[in-house]
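Observations on the three-dimensional arrangement
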Amino acid sequence: MVAVPSVPITSLARTVRSKNAKTRHITLEIIFDDRTTYERVKATGIITAESIAGLYRIPRENITHFILFDPGMAIKITMRRPRVSGDPGESDVYGCQQYAPLFQIEIPWQWPDGIIQEGQ
Amino acid sequence: MRERLSVLSSTGNLGDTPIEEASFYEGIKRDLDYLAADAGSSDLGPTFLGSDSPHNPVEWEKHDLELLLLASRARGIPMVIGSCRSTGTDSGVDFFVELIREIAVEHSLGRFRIAAIYSELDLDILKERMEREQTLPLEADEPLTASDVEATDHATAMMGVEQLMVALSRGADVVLAGRCCDDAVYAAYPILHGFDRGLALHLGKAIECASLVATPQRVKESVLGTITRDAFYLEPMHPEQRVTPHSVAAHSMYERMDPYTQAVPGGILDMHRTRYEAHTDRIARVSGSQFIPSADGTYSVKLEGAGCVGFRVFHIVGIRDTIAVRHIEKILADTRNKVRDVFGDKAEGKDYQLFFHTYGVDGVMGHLEPVKETGSHEVGIVIEVVSPDQELAISIAKLAKFRFFYAQYPGQRNSSGGGAAILTDEPLLPKSKAYRWTIDHLLRLDDPLDPEVFRFRYLEAGR
């Protein structure tokens, strides 16, 4: 069997970001530029609440929302913050640097023949 | 009845960075019906509410208010500002009232009417009410307790469209609101004029960060929002930006947990049936969003509170010795143990809290950091100590700092100091207090205009 090649999520998504959702949650967003890519990534089933929990090494129940937001072509995951924003000892008051582990996501992907994609 | 109303949004956070003027002046050439801006956010953390102090330089707040006020007076259209001076406390509202009056004098503006809406809560009243009727935890884990209120220095209630509509209907030209929902700032005027509440709220949600709803990303550029009977339209005023169905949809989920529903006082904004379409290649059309009143007819407002937890001091240490970096976990544990030894009569967690923000290891993500082994050749440690006793906090930070210089670890080669300091003890000098969020709850009101929660003051300005 020939292994299906895979590509990092950063080659497929336009935006990968995180931000506070109020003071006690952080919301992660993976946003795509075109519907075909979004639908294909969605169909692989690689990105799930469970796989995100695994990536961050947190219990599944800390993920409060996992939403495939079709109008925005986005996968949106919201998790409880380990510390409330701005509490003593807290280190990312805006919650905007918590997405980096998402870069490790690899999606099984075969580019159409002859098309060289940017960012590979 | 009007068939359409237009608003210009020029900043997502009035005063935190000045409004870009070129696209603002482009925008005010249009046929505008009102102006609005949100000045607040819980994103700032608890310090500014807890200490009731400004977050932004006053020059920038005045700059933005001046642009808006001059345009509003020149055209004779109302302007609505929510969450004055970031936190929407009473002193924040008063501060903006004074800025507006000052600008009016400086520009010899004709007479106009200001409505100030206060929404800071008297903590004794809050305690009484909390005993009479239970608050619901919103983001907090439990209903509000007396000790939460005692730990609070300042608390506000977040108003919706109802309070703003009262001020507008009483002829206010400039509405300066205390803590306020960001969407309400834009939605109140169209709802007052009979436009659909769901569409108006979604317009507010979509436009409240100004050019962040457009692509490519730019900040503080103006965006024109137009609401009609069955849709709203967004058009960027910066020539290089576009608002696309995708950019609006993507922004509709920004900083929120659920992109389909948004709780507002009195109900929810339901975006399950929302349609995002291209009107032109740079104007998006949005329709189908609905307001659904709460099933039991209740009206609840969010309460926000913050309080002081003690004094906070920082120290900063860098380690470049790669052998020490390899043993950083051991060095951190040893430093903490030394503090516990020396301050044996103090209880960590109660008398003081000690944190190491270890940049190069897990300084940004802390507990969420999945990478356990650092690949860095240096690490930076920000020592943070919080204590009700300022002298104790300073002593602990000094001890921790020096312990890094005397660190012992396997393979050690240095004997002259295991860390680099930025200056000596100057980082300890800016003495500041630490705050935390204490209240994040819902309070049910029988009347949206409950005078214990929302107070109105009308005053004249100009000449």
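Reading the values: the criteria
Residues numbered from 1 in each chain as written. Chains lettered and ligands numbered in written order. Predicted model: local features only at pLDDT ≥ 70, side-chain atom pairs only at ≥ 80, totals over all residues. Heavy atoms only, no water. Helix = DSSP H or I, 4+ residues; strand = E, 2+ residues; numbered from the N terminus. Contact = heavy atoms within 4.5 Å. Areas by Shrake-Rupley, 256 points an atom, 1.4 Å probe, with all protein chains shown as cover. Pairing = 2+ DSSP bridges. Axes fitted to C-alpha atoms, helices over the stretch in contact; angles between N-to-C directions. Core = buried A, V, L, I, M, F, W, Y, C linked by side-chain atoms within 4.5 Å. Buried < 20%, exposed > 50% of the residue type's maximum accessible area, 1.4 Å probe, protein only. Salt bridge = Lys/Arg side-chain N within 4 Å of Asp/Glu carboxyl O. Polar contact = N/O pair within 3.5 Å; in protein donor to acceptor, adjacent residues only side chain to side chain. Buried area = accessible area lost by both parts, 1.4 Å probe. Nonpolar A, V, L, I, M, F, W, Y, C, P; charged D, E, K, R; others polar. Domains from an automatic or database assignment. Right-handed = clockwise from strand over helix to strand, strands pointing away.

Our next topic: the overall build of chain A. When you go through chain A residue by residue, the secondary structure sums to 2 helices and 6 strands. Start at the N end of chain A and walk to the C end: the helices and strands fall as β-β-β-α-α-β-β-β. Dimensions along the principal axes, computed over C-alpha positions, put chain A at roughly 55 × 30 × 25 Å. Residue pairs at least 24 apart in sequence account for 64% of intrachain contacts in chain A once pairs closer than 6 positions are excluded. As displayed, chain A has an accessible area near 5,600 Å², and 53% of this comes from carbon and sulfur atoms.

Glancing now at the sheet that holds strand β14 (residues 290-293) of chain B. All names here are of chain B. Read from one edge of the open sheet, 3 strands run β10-β11-β14, paired in antiparallel fashion. Because the sheet does not close on itself, it has two edges, and the strands there are β10 (261-264) and β14. For this sheet, the mean inter-axis angle between neighbouring strands, taken without regard to orientation, is 25 degrees. In the sheet, strand β11 (residues 267-270) pairs with β14 via 4 bridges, with the strands oriented antiparallel. Considered in β14, the bridge of G267 is made with P293. Taken strand by strand, helix α9 (residues 197-207) contacts β10, β11 and β14, and its axis lies near 115 degrees from that of β14.

Let's shift gears to the nonpolar core. Residues and elements named next belong to chain B. By size, the foremost hydrophobic cluster in this structure holds 71 residues, and its most contacted members are L164, L234 and V248. With 7 residues, the top contributor of residues to this core is helix α8 (residues 182-192). Beyond its immediate sequence surroundings of up to four residues, L234 is in contact with L203, A206, I207, V213, V223, L224, G225, V243, V248, R282, I283 and A284.

All names here are of chain A. Within the open sheet, the 4 strands sit side by side as β2-β3-β5-β4. Their pairing is antiparallel. One side of each edge strand has no neighbouring strand; the edge strands of this open sheet are β2 (15-21) and β4 (63-69). If you compare each strand with its neighbour and ignore which way they point, the axes differ by 15 degrees on average. Two elements, strand β3 (residues 25-31) and strand β5 (residues 74-80), share 7 bridges in a ladder whose sense is antiparallel. Across the sheet, I26 pairs through a bridge with M79, a residue of β5.

Inspection of every chain in the model, using the stated rule, returns 42 salt bridges over all chains. Connected through shared salt-bridge partners, R35, E39, K42 and D70 of chain A make up one network.

With that settled, the discussion passes to the side chain of S211 of chain B. All names here are of chain B. Examined against the element boundaries, S211 turns out to sit in the loop between α9 and β8 (223-227). Polar contacts involving the side chain of S211 include one to the main-chain amide nitrogen of E221, which spans 3.0 Å. When residues no more than four places from it in sequence are discounted, the contact partners of S211 are R218, V219, K220, E221, V223 and Q241.

What follows is about the interface of chain A and chain B. Many authors give the size of an interface as the accessible area that is lost as the parts come together. Tallying the contact residues gives 47 residues for chain A and 39 residues for chain B. In terms of surface lost to chain B, no three residues of chain A exceed R24, F69 and P88 of chain A, which account for 16% of the buried area on that side. Inspection of the chain A/chain B interface yields 3 salt bridges. There are 15 residue pairs in polar contact (both at pLDDT 80 or more) connecting chain A and chain B. Counting only elements with at least two residues in the side of chain A that touches chain B, the list comes to β2, β3, α2 (49-56), β4 and β5 of chain A. Residue contributions to the side of chain A that touches chain B peak at 5 residues, all from β5 of chain A. Tallied by class, residues from the side of chain A that touches chain B come to 19 nonpolar, 13 polar and 15 charged.

Examined at the domain level, chain B breaks down into domain 1 (4-304 + 438-461) and domain 2 (321-418). For domain 1 of chain B versus domain 2 of chain B, the separation of C-alpha centres amounts to 43 Å.

A word on unusual backbone geometry. Residues and elements named next belong to chain B. Cis geometry marks the peptide bond from T215 to P216, where omega comes out at -5 degrees. Inspection of the secondary structure puts P216 in the loop between α9 and β8. The backbone phi angle of A210 is positive, close to 50 degrees, even though this residue is not glycine. Considering the arrangement of structural elements, one finds A210 in the loop between α9 and β8. We note that E255 has phi near 60 degrees; this positive angle belongs to a residue other than glycine. The residue E255 is located in the loop between α10 (245-252) and β10 in this model. Exposure remark for E255: the relative accessible area of 23% places this residue in the partly exposed category.

Turning our eyes to something else, we now look at the pairing of strand β1 (residues 5-9) of chain B. Residue and element names in this part refer to chain B. By the criterion of burial, β1 is predominantly enclosed, with 5 of the 5 residues buried. Residues L5, V7 and S9 line one face of β1 and the alternating positions S6 and L8 line the opposite face, and both faces are buried. Here 2 bridges tie β1 to strand β2 (residues 34-38), and the two strands are oriented parallel to one another. Across the sheet, V7 pairs through a bridge with Y34, a residue of β2. For the handedness criterion, the β-α-β arrangement of β1, helix α1 (residues 21-27) and β2 is classed as right-handed.

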